[in-house]
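Coordinates in review
The primary structure of each chain is shown beneath.
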Amino acid sequence: MQGTTEGFSYGLITPVAAFLMACLGGALGLRCAIRSLQTAERGRKAGWLALGATAIGSGVWTMHFIAMMGFAVAETPVAYDPATTLASLALAIVMVGLGIFIVGYRGTTTMALVTGGTVTGLGIASMHYLGMAGIRLEGRLGYDTVTVGGSVVIAVVAATTALWAAVSVHSLLMSLAASLAMGVAVTGMHYMGMAAVHVHLRTSGASADGADGAEPASTLLGPMLVGPGVFLLLAAVVVIFDPLMVMGGPERSGPVLRNQQGRGRHERALPGIPAQPAGWEPRYGETAEETVSRRSGGGSRDIHDW
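First, a word on what this report is: a plain description of the structure on this page. Quick caveat, the model's predicted, so the values are computed rather than measured.

Quick notes on the rules
Residues numbered from 1 in each chain as written. Predicted model: local features only at pLDDT ≥ 70, side-chain atom pairs only at ≥ 80, totals over all residues. Heavy atoms only, no water. Helix = DSSP H or I, 4+ residues; strand = E, 2+ residues; numbered from the N terminus. Buried < 20%, exposed > 50% of the residue type's maximum accessible area, 1.4 Å probe, protein only. Contact = heavy atoms within 4.5 Å. Areas by Shrake-Rupley, 256 points an atom, 1.4 Å probe, with all protein chains shown as cover. Core = buried A, V, L, I, M, F, W, Y, C linked by side-chain atoms within 4.5 Å. Phe/Tyr/Trp six-rings, centres within 6.5 Å; stacked < 30°, edge-to-face > 60°. Lys NZ or Arg CZ within 6 Å of the ring centre and 35° of its normal. Lys, Arg positive; Asp, Glu negative; His and termini not counted. Salt bridge = Lys/Arg side-chain N within 4 Å of Asp/Glu carboxyl O. Pairing = 2+ DSSP bridges.

Helix and strand content of the protein chain: 10 helices and 9 strands. Scored against the burial criterion, the 306 residues of the protein chain give a buried share of 50%. For the protein chain, the proportion of contacts with a sequence separation of at least 24, taken over those separated by at least 6, is 79%. On the protein chain, roughly 13,500 Å² of surface is accessible, and the fraction owed to carbon and sulfur atoms is 66%.

Structure (structure tokens):
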């Protein structure tokens, strides 16, 4: 017997809230990825990349389960396995971390962006379907293969495009556009994945596999979402308010110190970052080492691919 699914039990509240969390996590993660390309010290670079991976992973996971609070099946209550639900968060952070670290240490070359974006996108999709595997109900979930494949493609393309836009175009509007695009794509990937779901109900008297220990969404997901939500807010504070000081002290090169008294046309100040000389941004097609060398006055070298 086919179950009747509902993805918007609370109307527009859950999709809008999910979208905003995806945008917040994407904005923080992409910003951290950019800043990792600006530092030569391995400890700080790894710190920014880890923070970025955790921000994107937490944002995507929070988006997914906020949206899932609106998911219901008319004929059976829906519950979640706590262990599988938490494992999906860990998977998201680890997989996104792999993609972010590739870009952070290989620079903005085409191969690095494509590889990093592919791994990040696969991490987002894997988190979604592992989270779905944690659902417990009086039946089983089935998926339309073509729709699932489409959702994975959306995740990969969105992650790759967002990484490229974040590290290649540095205006405020483009940074916001990259974050919004990632939020739209990740949320769209989620609902496309949900469109692939169909529920096969069990016959009367049969019990759901693995139902022992499962908890209703209202009692499990709400408290679980508090932790990642608070983390994203704290990460926003780190990124916005003097982040270099928080991560271990401001990283100023010689030219910046000499120009602290007056910012001429060769400097630009960005929110949360001390004034930097023009040209500090990572350029598309250059490695992380080339970006750092150019910032420190070592001159630019030929741009090359991986």
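Next comes the rest of the write-up.
Another aspect to go through is the nonpolar core. Grouped together as the largest cluster of nonpolar side chains are 60 residues, with contacts concentrated most on M68, F71, Y80, I124 and I135. Those elements that provide at least two residues to this core are helix 1 (13–36), helix 2 (42–68), helix 3 (82–106), helix 4 (110–133), helix 5 (145–168), helix 6 (172–195), strand 6 (197–201) and helix 7 (217–240). Considering each element in turn, this core owes the most residues, 13 residues, to helix 2.

Attention now moves to the packing of aromatic side chains. This model, assessed by the stated rule, comprises 5 aromatic pairs. Feature note: the residues W61, F65 and Y80 constitute an aromatic cluster, connected by ring pairs. Between the NZ or CZ atom of K45 and the centre of the ring of Y105, over which it lies, the distance is 5.6 Å.

Within the secondary structure, D81 is located in the loop between strand 3 (79–80) and helix 3. Summary of buried charges: D81 has no salt-bridge partner, and the nearest side chain of opposite charge, R136, is 4.2 Å away. Residues contacting D81, with those up to four places away along its chain left out, are G134, R136, A214 and L220.

What follows deals with the sheet that holds strand 3. Read across the open sheet, the 3 strands follow the order 4-3-7; overall the sheet is antiparallel. Because the sheet does not close on itself, it has two edges, and the strands there are strand 4 (135–136) and strand 7 (215–216).

Looking now at the pairing of strand 6. The alternating pattern of strand 6 places V197, V199 and L201 on a buried face, while none of H198 and H200, on the opposite face, is buried. Two strands pair when backbone bridges link them, and strand 5 (residues 139–143) and strand 6 are joined in this way by 5 bridges, in the antiparallel orientation. Across the sheet, residue G139 finds its bridge partner in strand 6, namely L201.

So, about the environment of I135. Within the element layout of this structure, I135 appears in strand 4. The exposure class assigned to I135 is buried, which follows from its relative accessible area of 8%. Here I135 is in contact with M68, F71, V78, A79, Y80 and L141, once residues within four sequence places are set aside.

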